[in-house]
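Each chain, letter by letter, is given below.
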Amino acid sequence: MPGSIAELLELFDLETIEDGLYRARPPVTLMQRVFGGQVLGQSLLAATRTVPPDRAVHSLHAYFLVGGDPEVPIVYDVDNLRDGRSFSARRVAARQHGRHIFYLTASFQVAESGPGHQDRAPQVPPPEDCPSLADSMVTTRDAAAAAVLAAEFAALDVRYAGSSAPGGVLRDPAHPALARMWMRAADRLPDEATLHRCVLAYMSDLTLLHASLVPHPVDIDATQRASIDHAMWFHRPFRADEWLLYDQVSPSAQAARGLSVGRIFDTAGALVATAAQEGLIRPVGLVPY
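Residues numbered from 1 in each chain as written. Predicted model: local features only at pLDDT ≥ 70, side-chain atom pairs only at ≥ 80, totals over all residues. Heavy atoms only, no water.

Peer 1: Please explain the overall build of the protein chain as it appears in this structure.
Peer 2: Assigned secondary structure in the protein chain consists of 5 helices and 12 strands. Structurally, the protein chain occupies a C-alpha span of about 50 × 45 × 40 Å along its principal axes. A buried classification covers 51% of the 289 residues belonging to the protein chain. Contacts in the protein chain between residues far apart in sequence, at least 24 positions, make up 72% of those at least 6 positions apart. (Helix = DSSP H or I, 4+ residues; strand = E, 2+ residues; numbered from the N terminus. Buried < 20%, exposed > 50% of the residue type's maximum accessible area, 1.4 Å probe, protein only. Contact = heavy atoms within 4.5 Å.)

Peer 1: Any chance you could explain the pattern of salt bridges here in plain terms?
Peer 2: Counting across every chain of the model gives 16 salt bridges. Across the pair Asp77 and Arg95 runs a salt bridge whose closest N-O atoms are separated by 3.3 Å. Taken together, the positions of Asp77 in strand β4 (residues 74-83) and Arg95 in strand β5 (residues 87-96) put the pair 18 residues apart, joining distant regions of the chain. Residue Asp77 is classed as partly exposed on the basis of its relative accessible area, which comes to 31%. The class for Arg95 is partly exposed, based on a relative accessible area of 27%. Through salt bridges with shared partners, one network takes in Arg188, Asp191, Arg239, Asp241 and Glu242. (Salt bridge = Lys/Arg side-chain N within 4 Å of Asp/Glu carboxyl O.)

Peer 1: Is there a simple way to think about helix α2 (residues 36-48) in this case?
Peer 2: Counting along an α-helix, one turn takes 3.6 residues, and residues three or four places apart therefore face a common direction. With 13 residues, α2 extends 18 Å from end C-alpha to end C-alpha; this agrees with the ideal 18 Å at 1.5 Å per step. With 13 of 13 residues buried, α2 is to be regarded as a mostly interior element. (Expected span 1.5 Å × (residues − 1).)

Peer 1: Help me understand the packing of aromatic side chains in this model?
Peer 2: Remark: the centre distance and the inter-plane angle together describe each pair of aromatic rings, the angle taken between the planes. The tally for this structure, following the rule as stated, stands at 5 aromatic pairs. Relative to Tyr202, the ring of Phe12 has its centre 6.3 Å away and its plane inclined at 85 degrees; by these criteria the two rings are edge-to-face. Of this pair, Phe12 sits in the loop between α1 (5-11) and β1 (15-18) while Tyr202 sits in helix α5 (residues 193-204); the two residues are 190 residues apart in sequence, bridging distant segments of the chain. (Phe/Tyr/Trp six-rings, centres within 6.5 Å; stacked < 30°, edge-to-face > 60°.)

Peer 1: In this structure, what is going on with the packing of α2 against α5? I would like to understand it.
Peer 2: Axis angle and axis distance: for two packed helices, these are the angle between their axes and the distance between the axes, and together they describe the pair. Viewed as axis vectors pointing N to C, α2 and α5 meet at an angle of 155 degrees, and their least axial separation amounts to 7 Å. Comparing their axes, α5 and α2 come out roughly antiparallel. Here α2 runs over α5; the crossing is right-handed. Of α5, the residues touching α2 (which contributes Gly37, Gln38, Leu40, Gly41, Leu44, Leu45 and Thr48) are Thr194, Arg197, Cys198, Ala201, Tyr202 and Ser204. Each residue belonging to the contact of α2 with α5 can be placed in one class, and the counts come to 6 nonpolar, 6 polar and 1 charged. (Axes fitted to C-alpha atoms, helices over the stretch in contact; angles between N-to-C directions. Parallel < 35°, antiparallel > 145°, perpendicular 65-115°, else oblique. Left-handed = near helix turned anticlockwise from the far one by under 90°. Nonpolar A, V, L, I, M, F, W, Y, C, P; charged D, E, K, R; others polar.)

Peer 1: Would you explain the pairing of strand β12 (residues 271-283) in this entry?
Peer 2: On any regular strand, side chains alternate: one points to one face of the sheet, the next to the other face. Burial analysis of β12 places 12 of its 13 residues in the buried class, which makes it a mostly covered element. With 11 bridges joining them, strand β9 (residues 223-234) and β12 adopt antiparallel strand pairing. Counterpart to Phe234 in the pairing with β12 is Ala273. Of the strand pairs in this sheet, strand β11 (residues 257-266) and β12 are connected by 9 bridges, and their pairing is antiparallel. Bridged to Val261 within β12 is Ala276. Hairpin geometry of β11 and β12 is characterised by an intervening segment of 4 residues between the two adjacent antiparallel strands and by a positive phi of about 90 degrees at Gly269. (Pairing = 2+ DSSP bridges.)

Peer 1: Explanation requested: unusual backbone geometry in the structure shown.
Peer 2: Negative phi is the rule for most residues except glycine; trans is the rule for most peptide bonds. Despite not being glycine, Ala255 shows a phi value in the positive range, around 50 degrees. Within the element layout of this structure, Ala255 appears in the loop between β10 (244-254) and β11. Non-glycine residue Ala256 carries a positive phi angle of around 65 degrees. Checked against the element boundaries, Ala256 lands in the loop between β10 and β11.

Peer 1: Honestly, the sheet that holds β9 in this entry has me stumped. Any pointers?
Peer 2: The pairing of strands in a sheet happens through backbone hydrogen bonds and is either parallel or antiparallel. The antiparallel open sheet is built from 12 strands, whose spatial order is β1-β2-β4-β5-β6-β3-β9-β12-β11-β10-β8-β7. Edge positions in the sheet fall to β1 and β7 (156-163), since each of these pairs with one other strand and no more. Adjacent strand axes in the sheet meet at a mean angle of 25 degrees, parallel and antiparallel pairs treated alike. Looking at chain direction, strand β3 (residues 55-64) and β9 are connected through 5 bridges and run antiparallel. Counterpart to Leu60 in the pairing with β9 is Met232. Taken strand by strand, α2 contacts β2 (21-24), β3, β4, β5, β6 (99-110) and β9, and its axis lies near 45 degrees from that of β4.

Peer 1: I would appreciate a short explanation of the environment of Ser4 in the present structure.
Peer 2: Here Ser4 lies in the segment before α1. Classification of Ser4 by relative accessible area gives partly exposed; the value is 27%. Residues Ser4 and Ala155, spaced 151 residues apart in sequence, show a C-alpha to C-alpha distance of 4.4 Å.

Peer 1: Would you explain the side chain of Ser212 in this entry?
Peer 2: Within the element layout of this structure, Ser212 appears in the loop between α5 and β9. Setting aside residues no more than four positions away along its own chain, Ser212 makes contact with Ser250, Ala253, Gly258, Leu259, Ser260 and Ile281.

Peer 1: How should α5 be read in this particular structure?
Peer 2: Its 12 residues place the ends of α5 17 Å apart at the C-alpha level, agreeing with the 16 Å of an ideal helix rising 1.5 Å per residue. Burial of α5 is extensive: 10 of the 12 residues sit out of reach of the surface.

Have a look at this one:
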């Protein structure tokens, strides 16, 4: 996975095969399957390339169907569902080995004005006072995952700002599963709004599912984890190379699935995006009936 901003940008350098058809080169990685955030970001980029330039994505909804092969290029096929006066809709099918591995539907809107409000950002330590996510994981039960994070995601700067894990600093009887992270690209990105949205989609998949496991004394290495679906809503302008607070809560975990929701704030407290995901959290070796 990207070890530098240059390698991160290569992820979003899609080859145009023909109108609405794109191909992404596989990154160098030791991971056994394609990182979900990679497919999210690349699918969003492919969809955006087919939309009129006066429209920006405001929402996406996606399903992960099959784990992707990290050694094979992914082909993205964009279907134009609608171009209205204010909104456009696109559906993207990602394929490998002749089968679909992922579907995304995205909606785009022209810039408009209207009434506005937002939640207040939580109070957390500033990112410079927070340890890196990898360092914080070394001191917990997630040492193996920390090594993978440090090796595979060096293009991102992710800081641990607290959780409700045993011994953690966050406590809320109404929300037993809480986790907060600061995140950004580790270096400056080009001034292209589409790229920043795609990078945020990429980052949004990194820790969201794990929030559903925070309060449980499970062995992470003995838990099968996989994203099932993912949704995002983009509210306000932002830069993915500036600090963003990922305020994550898991309202429910059951039946080997965990649901997590994340609010994403900038350092000024503006709510710039919201993400939601349900994923598989099954003990390894447990055969479903």
